Each structure stands twice: as structure tokens, then as C-alpha cells.
Amino acid sequence: MSNLTHLYQHSLSLLTDLYQLTMAYGYWKSGRTNHQSVFHLFFRTLPFNGHYAVAAGLQTAVEYLQQFHITTDDIAYLQTLTGNDGKPLFEPAFLDYLTQLKFDCDVDAIPEGTVVFPHEPLLRIKGSLIQTQLLETALLNIINFQTLIATKSARVCQAAQGDSVLEFGLRRAQGIDGALSASRAAYIGGCTATSNVLAGKLFGIPVKGTHAHSWIMSFDDELEAFKVYAQAMPNNCIFLVDTYDSIHGIELAIQMGHELRQQGHEMVGIRLDSGNMNRLSQKARQMLDQADFPNAKIVASNDLNEFVISELKQNGAKIDIWGVGTQLATAYNQPALGGVYKLSAIRENDSQAWQYRLKLSEQTVKTSNPGIIQVKRYRDENQQFMLDMLYDEPSTIQNPVQYVPIGETEPVALDSTWVGQDLLQPIMRQGQLVTDLPDLVQIQQRTQSQLQQLPNSHALQAITHYPIGLELGYYELKQRLMQQLRRK
């Protein structure tokens, strides 16, 4: 078996931190494996100094949960782990228990492509304590990265103002799965295609690409390189023109465009990959139009991001398609989302009441929210997003509705004309899928619809933050619990 096959084998149940397994062992030893628990997955700070994020990764997470099982190969490895005394870390009876473990939790989630904000649970997992604990690391790995990249993609696509954006990040992405997950998430955020052929095969994402500088350099003459490429791919000719001299390259591309037209084909366009993109794109547009190629596209690449694209658009660059690679697929200016996974409720069995839990911290932002959390999003009469309110789902929302903005202490009355909708939706019950998950095109469409309903979504830097609050009764419940914990 090759290393790659071994690395990406069918069972991914050991895609976890060791302390998840040591805690699971502790639960088993203390007879707490079947205690019921509720965990929430959320992030505390918006990425990229922006004012929204785009939820992504749910379908990948569901596929992981559906396949969750600990195999005999997994057990064979766990048997080799030892403690500081050199003795086995886990006793055989516990490992036998793990092989019989079957995922049967309840999962609620905010749909992929939804605009989301800090402290809002993207996932809520309810089930046995040992299962919910074991799932933490993998779920964070999946949701954190894809949400980060989908958000970056949405920002880049908004900066492009309707122009097509191609994701070109495969060669500099963080490993194989980093590249595949990035391609999927970038499409959710709004990219029209990817250069990643495997992502196209696995996810159905359109694939696009032409040739590299090495193609030109492998010939003695740039015109010959264009000619041979046109002969090989007459229906896919976007000529890379900057290998030696961009203006001369454009002239040669135009020459080839006329030859293609005589043969019954049409040149798709040219690609610029270096130099002054504003000046070169304007000159290229002028030359192409004068040569009777008004429909030829100008593609730009070269370390682009949302800020570079926005500046080029403002300065009148004549670019039709943006190829964005490294800075998109790696979330270049923010390497991680920082999502967390916190226990919020526990009980011994179904017949008992939930005991709510929270983590206290001197840093207010790191004090978690207790209970079984739901998020209600309120819209005005124009369907614009106005407020997200967290509340305890089993409790009754007090009327008239009041909320306390996060970070503040005084309640605010809810506008009675606003209409609320719960964001967390049932996804799995007792380990079984209970809803049809949308395809990637539908998720991408949801992203665009959501951004249109978010005020000032086009702004690259947060001017004002979207309001998020705790329902007044829930806020008071949290305050009482915090006071109780401080007295312990």
C-alpha cells in the first residue's frame, strides 16, 4: 500500500487529537459514556477584518459522520500507544468498546452558503458524551477551513463586481485535501471554475485552464508556440502573452486570432500574468478591439486578492476574468478561522433535566454560551438582515421580545415589524440524515442571495458590525449561571 493510499484510507476516525481519545477513555472508565451532552461549534472573531463569514463544509462533515467507525486497523494502531510507564495507554476492553461504537447523534446546522457571525453555532451536536467528544477535532478541521475559504472567495468575487473569478490555488495549497477543500469552498463563495481537475471530478465544479510559460519557452519562437497550441486546441485558445514582452505577445495573439477565425474558430482571449495590469489591460483591450476582437476576454492572474482587484477596478482596468490562486486557496492573510467546539449542556439520561454548562474567562469574548442554542435571524419588510438573536431553544422567548447586544448589558426592544427565522436546521437524527442536502450550485446561489440581503456586504473592511444579541431571558439565564460558577 502506498503512503498516499494509507494516508487517505476509508476510515478517518483517527483524524483526531490524542486528548479526545484519552478523555473518551476517562468517560468509559468512570461510567459516563452514555451521559447525554450538547456541543456547539462556533467562531469568536470574523476573518479578514471583514463583517461577515460564509458557512461551509457541512456536506463534508455529514459524509464524515456517516462513515464514522473505528476499524480493526485503527485498534491495532491504538494498541501500540503507551503511557509514561511504557505500558499500554488503553486497556483492551475499552478498545473493544470503540469497535462497537456507532454514530447515533442528532445534528442541527446552519445551511452551507449562509452568512454567519461570531458566537453563532454553525453546528449543534447532541448525543452520548463519548461520541460528541470524539467528533470535535474532525468537525473543527472541516468546518473551520471551508468556512474561511468560502468567506475569502465571497470577498474576492464581490471585489470583481460580477466578473468571472477562477480559483487557481492548487499548486500552493496546503496539501492534497487543503487543495480539494479550498476548491469546493471557493466555488461556494462565488468562483465560477477551478483549475483543480480532481476537484472537478469529485465535486462537479467547472474546470478551466490554458497553458503556462513553460509551453512558450519550450519552443524557439513565441509565434510557433501559439500556432502549435492553436492547432492542438483551437476551441480553447487563451494565449499567455507575457513570457517575453506583453505588447508583442498581444500582437502575436491577435495574429493567431485571425488565423483561427479563417479556420472557423474564435480566439477566446489572452492572459496577463505580470506587469502593470491596469496599463496592460487597457492597451490590450484597445488592440483587441481595433483588430476586430471585441469579444476576446482579458484574463488576469499574478498574486491577486480582493484589495488588488478592487483597486484595479476603480482605476479602470479592462479585465474580464480574474484568476486568483495562492491568496484565495490559502486564505493568505489569515491562516485560520479560530472556530471552537464547546460543551453547553449535560445530563445522565433522557429522563433528567439538562444541566447547563459554560466556560468562564477573564476575556469576555472567551466566555461561552450555555444551553441548547438556536439563532433567530430577523429581516425587515425589504428582506434585509437586521439582527441575529441567540436564544435557549427549550425556553420560551419573552414578549415583547428584547435582546442584549453581545458585549453590552442593557436590553434593547426588538422592532415589532421584523420577522424572525431560525437558522439551525435538523440535519441528522439518531445518526440518520433527515433532510436532502443541496448541491454545490444551489449552495453557491444561496451565498449570493444571502449577501444581497446583508447591508453593506460589499465593503471589504468592517465599517459597522452586524448586530448580534442574546434574547433577554437567555441573557439573564447566562448571568445567573456565571454568578453561580464564580462562587464555587
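Rules used in this analysis
- Residues numbered from 1 in each chain as written.
- Predicted model: local features only at pLDDT ≥ 70, side-chain atom pairs only at ≥ 80, totals over all residues.
- Heavy atoms only, no water.
- Pairing = 2+ DSSP bridges.
- Helix = DSSP H or I, 4+ residues; strand = E, 2+ residues; numbered from the N terminus.
- Contact = heavy atoms within 4.5 Å.
- Axes fitted to C-alpha atoms, helices over the stretch in contact; angles between N-to-C directions.
- Phe/Tyr/Trp six-rings, centres within 6.5 Å; stacked < 30°, edge-to-face > 60°.
- Buried < 20%, exposed > 50% of the residue type's maximum accessible area, 1.4 Å probe, protein only.
- Lys NZ or Arg CZ within 6 Å of the ring centre and 35° of its normal.
- Expected span 1.5 Å × (residues − 1).
- Polar contact = N/O pair within 3.5 Å; in protein donor to acceptor, adjacent residues only side chain to side chain.

**Student:** How do you make sense of the sheet that holds strand β14 (residues 373–379) when you look at a structure like this?
**Tutor:** Across a sheet, paired strands are connected by hydrogen bonds in the backbone, their directions being either parallel or antiparallel. Read across the open sheet, the 6 strands follow the order β17-β16-β21-β15-β14-β18; overall the sheet is mixed. A single partner strand is all that each edge strand has here, and the edge strands are β17 (412–413) and β18 (419–422). Bridging between β14 and strand β15 (residues 385–392) involves 7 bridges; their strand directions are antiparallel. Directly across from I373, in β15, lies its bridge partner D392. Along the sheet, helix α17 (residues 472–486) makes contact with β14, β15, β16 (402–405) and β21 (468–471), crossing β21 at roughly 80°.

**Student:** What's the story with the packing of aromatic side chains in this structure? I'm lost.
**Tutor:** Here the distance between the centres and the angle between the planes together describe a pair of aromatic rings. Using the criterion set out here, one finds 11 aromatic pairs in the structure. Aromatic side chains W28 and F94 sit 5.6 Å apart centroid to centroid with 55° between the ring planes, which places their arrangement in the tilted category. Of this pair, W28 sits in helix α2 (residues 18–29) while F94 is found in helix α5 (residues 92–99), placing the two residues 66 residues apart along the sequence. The exposure class of W28 is partly exposed, given its relative accessible area of 22%. Exposure remark for F94: the relative accessible area of 0% places this residue in the buried category. A network of ring pairs unites the aromatic residues Y25, W28, F90 and F94 as a single cluster. Between K152 and the ring centre of F48, over which it is positioned, the NZ or CZ distance is 4.8 Å. It is R377 that lies over the ring of F385; its NZ or CZ is 4.6 Å from the centre.

**Student:** Where do I start with helix α16 (residues 440–453) in this structure?
**Tutor:** In an α-helix, one full turn covers 3.6 residues, which means residues spaced three or four apart are oriented alike. For α16, which comprises 14 residues, the first-to-last C-alpha distance of 20 Å matches the rise-based estimate of 20 Å (1.5 Å per residue) to within 8%. Within α16 the residues assigned to the buried category are L440, I443, Q444, T447, Q450, L451 and Q453. A side-chain oxygen of the first residue of α16 lies 3.2 Å from the backbone nitrogen of V441; this N-cap is D439.

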